[in-house]
Amino acid sequence: MGKKFTFYPGCSSQGSGQHLDTSTRAVMAKLGYELEDIADWNCCGASVGELAAGHLPTAALSARNLAQAKEQGDQDVMTACAACYLNTHAVNEEIRDNEQTKNDLNEALGAAGKSYDGSLHVRHACEVLVNDVGMDAIKGAVSNSLSGLKVAGYVGCQTVRPFAGTERGGSYDEYDQPHFLDDFINATGAEAIDFENRTSCCGGSVSVMKPDQTLHLMHKILSEAQAKGADMIATPCPLCQTNVEMYQDKINKKYGTSFNIPVVFHTQLLAVAFGLDATKDAALNQNIIPADKLKAKAK
Amino acid sequence: MNAISPNPTQKYDLSFARWVRDNIDGGERMNMCMQCGVCSGSCPLSDQMDLGPRKIFQMVRAGMKEAVLKSNSFYQCVSCYNCVVRCPRQVPVKYILHGLGRLAVQEGYQPKSNVENARFADAFWWSVTTFGKTDERLVTAKYYFSGGLMNGIKLGLGNLKTALGMIKTKRMHLGAPHKAKNRGELKAILAKAVEIQARHEGEA
Ligand code: SF4
Ligand code: SF4
């Protein structure tokens with residue numbers, strides 16, 4: 001099996017989700033995988049592209065990324081961002097399965113002398129960790145146990161919905177009660193609490209635009225984590241991480257609470273558990289609410 | 001609140017359901033809806049929607065074009081995909097809602113200035129077509145000020161602490177936007193896609 005992926009970092013990797021990008025690269029390198037970036041990638045359209053421009057122009061964004069990936073080789077395309085995965089995967093399937101869309105998108109790509117036949121596979125970094133790396137190898141790479149930490153595994157929506165299945169058939173988890181994140185947490189030696197809100201919505205992009213309408217969603221997530229004694233929340237989704245972290249102030253004001261719960265990426269936990277550098281690899285300096293208990297464990 | 005039953009003051013357009021079926025992405029599966037309500041019941045934002053997906057689909061079938069396109073429901077959707085994975089009839093609920101939401105703005109049923117999501121989506125699309133990437137700072141700024149100068153200042157100040165936190169942790173950079181290199185190529189592809197989409201909309 002190939003140990004090389006074509007990597008699609010996505011826009012959040014250069015902004016609010018840099019610590020996901022840094023820690024993903026560090027963790028994958030430690031596990032022996034090579035990531036080669038799509039050379040001149042563009043935005044995937046996130047969740048609002050369709051509303052602004054309609055389906056085809058939004059799909060054309062992913063088509064250009066995929067056409068470039070194909071020029072770089074036949075290896076699978078991997079991304080760590082939930083929205084990037086969702087869009088890139090959906091467009092890839094559409095090009096493969098829908099003749100009309102395939103023709104339309106190729107006509108659009110043709111305007112720049114490009115084409116794409118739908119023959120690549122697009123994969124989420126979490127699914128790669130589950131199916132290619134495997135839980136045993138992850139446990140095997142842990143040299144710095146995080147025992148004593150209680151972590152709420154918050155999967156969010158788009159990491160497992162709508163595609164918990166993989167392109168090669170089979171699936172890596174269920175979309176309602178996924179356990180892969182708890183498995184990662186437990187593999188590090190930390191304890192995953194039984195988190196009922198694991199797939200509750202953080203409000204997504206509506207939280208960015210008009211948080212007053214979605215603070216109650218994040219309040220629910222934070223309340224359960226606090227009530228169950230979690231030291232921190234871990235999530236694989238860049239938008240969940242930012243929303244649930246940065247709105248704690250506003251939530252405290254509205255509900256009279258005093259939340260100050262660090263929200264980290266699963267890859268930040270893994271990086272520390274793999275004995276990697278707290279700043280260079282785990283990027284713990286990039287969490288607005290510092291995850292001090294995790295930092296204290298870092299080598 | 002919004003009754004589905006016939007109402008003498010309501011305008012009906014019986015060709016609307018057919019139009020939605022033929023033109024909205026995923027619309028052809030709307031006929032499969034059996035009105036079970038799983039979508040609206042699973043939606044985390046349904047308490048903020050005036051109608052919600054189940055009612056909307058029945059109203060589309062009843063030809064209640066105006067009432068449907070004036071709904072706020074499309075713009076509350078956060079794309080969590082609960083409805084999509086749970087619908088027992090495989091109706092791509094979220095995709096149909098987004099298609100209807102775009103139509104409502106296009107046809108003037110929703111004044112763009114009132115629809116935060118539409119303004120946000122526009123700011124977002126501007127960044128994507130200009131730079132090839134989402135610049136979170138510029139999208140936010142453009143969106144804030146799309147509701148007027150005072151509104152923008154108010155929103156900006158309200159989020160100052162967050163912005164400073166993001167700058168301090170280097171998650172918001174200062175300086176020129178990140179750009180895709182070959183933006184000419186991207187523009188050509190997008191322009192062509194817009195043209196093809198318009199062609200299809202004209203055909204129907
Ligand atoms: S879940 Fe599906 S079948 Fe049920 S009301 Fe919603 S769209 Fe219709
Ligand atoms: S995708 Fe949108 S409509 Fe569907 S359940 Fe989520 S928020 Fe509601």
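Everything below is about the structure shown above.
In this text, all values refer to a predicted model and were calculated from it rather than measured experimentally.

A word on the site of ligand 2
Residues and elements named next belong to chain B.
Then step 1. Lining the immediate environment of ligand 2, one finds Cys43, Pro44, Cys77, Val78, Ser79, Cys80, Tyr81, Asn82, Cys83, Lys94 and Leu97.
Then step 2. Listed by contribution, the elements that provide at least two residues to the shell around ligand 2 are helix H5 (82-86) and helix H6 (93-106).
Then step 3. Among the residues forming the shell around ligand 2, the class breakdown is 8 nonpolar, 2 polar and 1 charged.

Overview of the site of ligand 1
All names here are of chain B.
Then step 1. The local shell around ligand 1 holds 13 residues, among which Cys33, Cys36, Gly37, Cys39 and Cys87 are the closest.
Then step 2. Those elements that provide at least two residues to the shell around ligand 1 are helix H2 (38-42) and helix H3 (53-61).
Then step 3. Broken down by class, the residue content of the shell around ligand 1 amounts to 10 nonpolar, 2 polar and 1 charged.

Description of H6 of chain B
All names here are of chain B.
Then step 1. In a regular helix each residue adds 1.5 Å, so 14 residues correspond to 20 Å; H6 covers 20 Å between its end C-alpha atoms and thus fits that length.
Then step 2. Counting buried positions over the 14 residues of H6 gives 13, a clear majority of the element.
Then step 3. One or two residues past the end of H6 sits Gly108, with phi positive at roughly 80°.

What to know about the interface of chain B and chain A
Then step 1. Contact with chain B, which involves 60 residues of that partner, is made by 66 residues of chain A.
Then step 2. Carbon and sulfur atoms make up 60% of the surface buried where chain B meets chain A, a total of about 5,500 Å² over both sides.
Then step 3. Remark: the boundary between chain B and chain A carries 3 salt bridges.
Then step 4. A salt bridge links Glu185 of chain B to Lys114 of chain A; the nearest nitrogen and oxygen atoms lie 3.9 Å apart.
Then step 5. For the side of chain B that touches chain A, the secondary structure elements donating two or more residues are H5, H6, helix H7 (116-131), helix H8 (136-146), helix H10 (160-168) and helix H11 (183-203) of chain B.
Then step 6. If one sorts the elements of the side of chain B that touches chain A by residue count, H11 of chain B sits on top with 12 residues.
Then step 7. Per-class residue counts for the side of chain B that touches chain A are 26 nonpolar, 19 polar and 15 charged.

Definitions and limits used
Per-chain numbering applies: the sequence of each chain, read as written, is numbered from 1 onward. Chain labels run from A onward and ligand labels from 1 onward, assigned in the order the entries are written. Confidence filtering applies because this is a predicted model: local features only for residues at pLDDT of at least 70, side-chain atom pairs given and counted only at 80 or more, and all residues used for totals across whole chains, interfaces and linings. Think of the side-chain values as coming from all heavy atoms in the structure, minus any hydrogens and water. A single heavy atom is enough: if one lies within 4 Å of a molecule or strand, its residue is considered near that molecule or strand. Per the convention used, a helix needs a DSSP run of H or I reaching at least four residues, while a strand needs a run of E reaching at least two, with both numbered from the N terminus. All amino acids are sorted into three groups, where Ala, Val, Leu, Ile, Met, Phe, Trp, Tyr, Cys and Pro are nonpolar, Asp, Glu, Lys and Arg are charged, and the leftover types, Gly among them, are polar. To estimate the expected span of a helix, subtract one from its residue number and multiply by 1.5 Å. Only protein chains enter the area calculation, which uses a 1.4 Å probe; residues under 20% of their type maximum are buried, those over 50% are exposed, and those in between are partly exposed. Throughout, a residue-residue contact means that at least one pair of heavy atoms, one from each residue, lies within 4.5 Å. Note: buried area is the sum, over both parts, of the accessible area (probe 1.4 Å) each one loses when the two are combined. A side-chain nitrogen of Lys or Arg and a carboxyl oxygen of Asp or Glu constitute a salt bridge if their distance falls within 4 Å.

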